[in-house]
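Below, each chain spelled out in residue letters.
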Amino acid sequence: MYLQRRNRILRKNHAIRDLVRETILTPDDFIVPLFIDEGQNIKTEIPSMPGYYRNSLDVTVEEVKLLWNMGLKSVLLFIKCSDHLKDNTGKEAWNPDGLMQRSIKAIKDAVPEMYVMTDIALDPYSSYGHDGIVKNGQIINDETVEALVQMSISHAAAGADMVAPSDMMDGRIGAIRKGLEETGYTQTGIMSYSAKYASCFYGPFRDALDSAPGFGDKKTYQMDYANRLEAVRETIMDVQEGADIVMVKPALSYLDIIREVKNAVDVPVSAYNISGEYAMIKAAAKNGWINEDKAILEVLTSIKRAGADMIATYFAKDAVKLLG
Ligand code: PBG
């Protein structure tokens, strides 16, 4: 057989495969989500996220030191708000002594160089478990945006490097940018969850924070997973409003969207390898149906190959060890 071109030449052995590889994962790519709880010396495994924990702040600080020593340099903070502090205004979200604000300070005190990002959305603080203020069964956009601005300013005041609005209200990026400018937080970044879809894969996360919606679903603010152009439109608007980084979420069923967004904007693109994506790999591996280590690297590489410049993932520590 005479072939002018044999593609297997570039796959012949490890050395040549390493030379021609297009996508290389590194610890620099990862953002580590952390779930923080009140209390002391508490480490609670999340049932639907085996091997992932919600930790009290003292335990979290030790974890952050460990992450830094492993070469992981950014964290994304989520807190579990006590039930008695939840209401329909979300005001605990900007309590200067709230768990989030205390956490930001403690982490920055312990590891000043750790880049601290914080989730901005009302759901953990909402008695309705929604990302916004509820009136007559509706999630009210503009009042919610005012609350998100206060929340963002209070995180900046506590020392957050970047706020990450995950709520999907209209106009919140511009409003938060204006709020940060007016209060002098000109070095606080915004990573916008720009294309965030209404996904069943958030289930385990809502277990972790006890933040499932009390009524209805999130489809009036999170996007319809059938839509592609809408993701591009949302993302371009967020860039125009002042987002420093944009995000596609979830990642795995949305690799096409990551590529689409990457081609459409000139700011860095992140992707969130979310809780349900973690849970699926864990469950299959536990059953002996897939090789967990190989699945982790394949999935994370595919997200980067799709166009993500960075990935928020519960597998960050595992990946660093595997890449080691
Ligand atoms: C809150 C928020 C959610 C996630 C990140 N921020 C859940 C939701 O929108 O219901 C999901 C993260 C994950 O599933 O890993 N607005």
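Preceding this paragraph is the structure being described.
Let me begin by describing the structure that accompanies this report. A quick note: this is a predicted structure, and the numbers were derived from the prediction, not measured.

1. Considering the nonpolar core
Okay, step 1: Counting residues in each nonpolar core, the largest one holds 97 residues, and the members touching the most others are Phe-30, Phe-35, Leu-77 and Tyr-272.
Okay, step 2: Here the element with the most residues in this core is helix α4 (residues 141-158); it accounts for seven residues.
Okay, step 3: The residues contacting Phe-35, other than those within four sequence positions of it, are Ile-46, Met-49, Tyr-52, Tyr-53, Arg-54, Asn-55, Phe-78, Phe-205, Ala-208, Leu-209 and Tyr-314.

2. A look at empty space enclosed by the protein
Okay, step 1: With the rule as written, the count across this model stands at three cavities of 30 Å³ or more.
Okay, step 2: The space that makes up the largest cavity amounts to roughly 130 Å³.
Okay, step 3: Along the walls of the largest cavity sit 16 residues, with Asp-123, Lys-196, Tyr-202, Phe-205 and Lys-249 positioned nearest its centre.
Okay, step 4: Its residues assigned to classes, the lining of the largest cavity comprises six nonpolar, three polar and seven charged.
Okay, step 5: In this structure, the second largest cavity encloses a volume near 50 Å³.
Okay, step 6: Lining of the second largest cavity is provided by Glu-38, Ile-79, Lys-80, Cys-81, Ser-82, Leu-85, Glu-92, Leu-99 and Arg-102.
Okay, step 7: The residue makeup of the lining of the second largest cavity, split by class, is four nonpolar, one polar and four charged.

3. Quick notes on the layout of surface pockets
Sizing a probe to match a water molecule and rolling it over the atoms shows the empty space that remains.
Okay, step 1: Here the largest pocket is characterised by a volume of approximately 370 Å³.
Okay, step 2: For the largest pocket, the lining is made up of 19 residues, of which Gly-51, Tyr-52, Tyr-53, Glu-63 and Lys-317 are closest to its centre.
Okay, step 3: Elements with a contribution of two residues or more to the lining of the largest pocket: β1 (30-37), β3 (49-56), α2 (57-70), α9 (275-286) and α11 (316-323).
Okay, step 4: Here the lining of the largest pocket is built from residues that sort into nine nonpolar, four polar and six charged.
Okay, step 5: A volume near 250 Å³ is recorded for the second largest pocket.
Okay, step 6: Lining the second largest pocket we find Leu-10, Arg-11, Arg-17, Val-20, Arg-21, Glu-22, Thr-23, Glu-298, Thr-301, Ser-302 and Arg-305.
Okay, step 7: Put simply, the parts of the chain that give the lining of the second largest pocket at least two residues each are α1 (14-20) and α10 (292-306).
Okay, step 8: Ranked by the residues each element gives to the lining of the second largest pocket, the list is headed by α10, at four residues.

4. Observations concerning helix α3 (residues 99-110)
Okay, step 1: In a regular helix each residue adds 1.5 Å, so 12 residues correspond to 16 Å; α3 covers 16 Å between its end C-alpha atoms and thus fits that length.
Okay, step 2: Leu-99, Met-100, Gln-101, Ser-103, Ile-104, Ile-107 and Lys-108 are the residues of α3 that are buried.
Okay, step 3: Taken together, the buried residues of α3 touch β1, α2, β4 (74-79), β5 (115-120) and α4.

5. Observations concerning a nonpolar patch on the surface
Okay, step 1: On the surface, Ile-9, Leu-10, Leu-19 and Val-20 cluster together into a nonpolar patch covering about 410 Å² of accessible area.
Okay, step 2: Its location among the elements puts Val-20 in helix α1.

6. Some thoughts on the site of the ligand
Okay, step 1: The environment of the ligand is formed by 17 residues, the closest being Lys-196, Arg-206, Lys-249, Ser-275 and Tyr-314.
Okay, step 2: Separating a nitrogen atom of the ligand from a side-chain N or O atom of Asp-123 is a distance of 3.2 Å.
Okay, step 3: Measuring from a nitrogen atom of the ligand, one finds a side-chain N or O atom of Ser-166 at 2.9 Å.
Okay, step 4: Judged by its atoms lying within 2 Å of the grid points, the ligand is housed in the largest cavity.
Okay, step 5: Its residues placed into classes, the shell around the ligand shows seven nonpolar, three polar and seven charged.

7. What to know about the packing of α3 against α4
Okay, step 1: The interhelical angle for the contact between α3 and α4, taken along N-to-C directions, is 30°, at an axis separation of 8 Å. On the basis of the axis angle, α3 is roughly parallel to α4. As for how α3 packs across α4, the hand of that crossing is right-handed. For the pair α3 and α4, contact is made by Met-100, Gln-101, Ile-104 and Lys-105 and by Ser-154, His-155 and Ala-158, respectively.
Okay, step 2: Per-class residue counts for the contact of α3 with α4 are three nonpolar, three polar and one charged.

8. Section: the pattern of salt bridges
Okay, step 1: Scanning the model with the defined rule gives 21 salt bridges in all.
Okay, step 2: Note that Lys-91 and Asp-87 form a salt bridge whose closest N and O atoms lie 2.7 Å from each other.
Okay, step 3: What emerges from the salt-bridge pattern is a single network uniting Asp-83, Lys-86 and Asp-210.

9. Topic: the side chain of Lys-108
Okay, step 1: Inspection of the secondary structure assignment puts Lys-108 in helix α3.
Okay, step 2: Looking at Lys-108, its side chain comes within polar contact range of the main-chain oxygen of Pro-112, at 2.9 Å.
Okay, step 3: Within the structure, Lys-108 has its side chain in polar contact with the backbone oxygen of Met-114 (distance 2.8 Å).
Okay, step 4: Every residue in contact with Lys-108, bar those within four places of it in the chain, is listed here: Met-114, Val-116, Gly-159 and Asp-161.

Criteria and thresholds
- Residues numbered from 1 in each chain as written.
- Predicted model: local features only at pLDDT ≥ 70, side-chain atom pairs only at ≥ 80, totals over all residues.
- Heavy atoms only, no water.
- Core = buried A, V, L, I, M, F, W, Y, C linked by side-chain atoms within 4.5 Å.
- Buried < 20%, exposed > 50% of the residue type's maximum accessible area, 1.4 Å probe, protein only.
- Helix = DSSP H or I, 4+ residues; strand = E, 2+ residues; numbered from the N terminus.
- Contact = heavy atoms within 4.5 Å.
- 1 Å grid on protein atoms, 1.4 Å probe; cavity = no way out; pocket = protein on both sides within 12 Å on 5 of 7 lines; lining within 4 Å.
- Points joined across faces, edges and corners; volume = space filled by probe spheres on them.
- Nonpolar A, V, L, I, M, F, W, Y, C, P; charged D, E, K, R; others polar.
- Expected span 1.5 Å × (residues − 1).
- Patch = residues over 30% accessible without salt bridge, like charges linked within 9 Å, V, L, I, M, F, W, Y side chains within 5 Å.
- Areas by Shrake-Rupley, 256 points an atom, 1.4 Å probe, with all protein chains shown as cover.
- Salt bridge = Lys/Arg side-chain N within 4 Å of Asp/Glu carboxyl O.
- Near = heavy atom within 4 Å.
- Polar contact = N/O pair within 3.5 Å; in protein donor to acceptor, adjacent residues only side chain to side chain.
- Sits in = over half its atoms within 2 Å of the grid points.
- Axes fitted to C-alpha atoms, helices over the stretch in contact; angles between N-to-C directions.
- Parallel < 35°, antiparallel > 145°, perpendicular 65-115°, else oblique.
- Left-handed = near helix turned anticlockwise from the far one by under 90°.

Any functional reading would require information beyond the geometric quantities listed.
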